Amino acid sequence: MSETIAGVAVPDSPPAREATALVREAAGEDLFHHSRRVFLWGMLKARHRGLAPDPELAYVGGLFHDLGLTERYRTADRRFELDGAEAAYGFLRDHGRSEAETRDVWLAIALHTTPEVPLALSPEVAVVSLGVETDVLGRDLDEFTAEDRAAVVAAHPRPDFKNRILRAFYDGFGYRPATTYGTMNADVVAHFDPGFERDDMVRRIMGSPWPE
């Protein structure tokens, strides 16, 4: 039977159940609860905006969006967003989803740390960023009733979440700092590592092999 939280039905298909088990095992409790909240906030905000993402695709997008931070799925020299996107792509293709559907989830995860762009794409892409912005940054909290907020946090608690998610970010990509170039992830590395020197777009342009 499908679980309903704050009026949002959590998908209960075989792929959704498999995704739940996979992420709970690979990610640990903090990232698992965060990822489920991302799905719930995203679906509530999508509803407010008249968007109707495919629930199963939105669920996999929400659950897999931080999978690239985990030991099992992270790589040595690729952006963590791409690690999670590739994992979701393979998972959905293995479960019979079309190339177009799977590509939307890939984009949702690959772009979830890129402001604004996902919101101009399909509902399946937008829903993940909508949820991430609320859970990490507190954006648009006034869109939710007190009852819905309480229901989501009761189902998926967020104790000391601000500090824990920052640590999870750093543990997930701090060892590959070059992959944070051009994203807000560089802010996280700088927070934990005072000696971190950010790459710089102006420096790249001025130091390019072009003579002028």
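First, a word on scope: everything that follows refers to the structure included in this document. (Residues numbered from 1 in each chain as written. Predicted model: local features only at pLDDT ≥ 70, side-chain atom pairs only at ≥ 80, totals over all residues. Heavy atoms only, no water.)

**Focus: the layout of surface pockets**
- For the largest pocket, the calculated volume is near 490 Å³.
- Forming the boundary of the largest pocket are 28 residues, of which V132, V136, L137, F169 and M184 lie nearest the centre.
- For the lining of the largest pocket, the leading source of residues is helix α5 (residues 123-137), giving seven residues.
- Looking at the lining of the largest pocket residue by residue, the class counts come to 11 nonpolar, nine polar and eight charged.
- Volume-wise, the second largest pocket comes out at about 150 Å³.
- For the lining of the second largest pocket, the class distribution of residues is five nonpolar, three polar and four charged. (1 Å grid on protein atoms, 1.4 Å probe; cavity = no way out; pocket = protein on both sides within 12 Å on 5 of 7 lines; lining within 4 Å. Points joined across faces, edges and corners; volume = space filled by probe spheres on them. Helix = DSSP H or I, 4+ residues; strand = E, 2+ residues; numbered from the N terminus. Nonpolar A, V, L, I, M, F, W, Y, C, P; charged D, E, K, R; others polar.)

**Some points on the pattern of salt bridges**
- Scanning the entire structure with this criterion turns up 22 salt bridges.
- In this structure, R36 and E3 form a salt bridge, with 2.9 Å as the shortest nitrogen-oxygen distance. Of this pair, R36 sits in helix α1 (residues 14-48) while E3 sits in the segment before β1 (4-5), and the two are 33 residues apart along the sequence.
- What makes E3 partly exposed here is its relative accessible area of 39%.
- Taking the shortest distance from any N to any O, the salt bridge between R203 and D199 comes out at 4.0 Å.
- Given the relative accessible area of 52%, R203 is considered exposed. (Salt bridge = Lys/Arg side-chain N within 4 Å of Asp/Glu carboxyl O. Buried < 20%, exposed > 50% of the residue type's maximum accessible area, 1.4 Å probe, protein only.)

**Observations concerning the side chain of T180**
- Note that T180 resides in the loop between α7 (161-173) and α8 (185-192).
- Those residues in contact with T180 that lie beyond four places of it in its chain are R79, F173, N185, A186, V189 and F196. (Contact = heavy atoms within 4.5 Å.)

**Quick notes on unusual backbone geometry**
- With phi around 50°, A6 is a residue other than glycine that occupies positive phi space.
- Within the secondary structure, A6 is located in the loop between β1 and β2 (8-9).
- When its relative accessible area of 14% is taken as the criterion, A6 is described as buried.
- Not every positive phi belongs to a glycine, and E116 is a case in point at roughly 75°.
- Note that E116 resides in the loop between α4 (99-110) and α5.

**Overview of the nonpolar core**
- Ranked by size, the top nonpolar core spans 54 residues in total, and within it V23, F39, V60 and F64 carry the most contacts.
- Among the elements of the structure, α1, α2 (55-64), α3 (80-94), α4, α5, α7 and α8 are those that each provide at least two residues to this core.
- At 15 residues, α1 tops the list of elements feeding residues into this core.
- Here F64 is in contact with A19, L22, V23, G84, A87, A88, F91 and I109, once residues within four sequence places are set aside. (Core = buried A, V, L, I, M, F, W, Y, C linked by side-chain atoms within 4.5 Å.)

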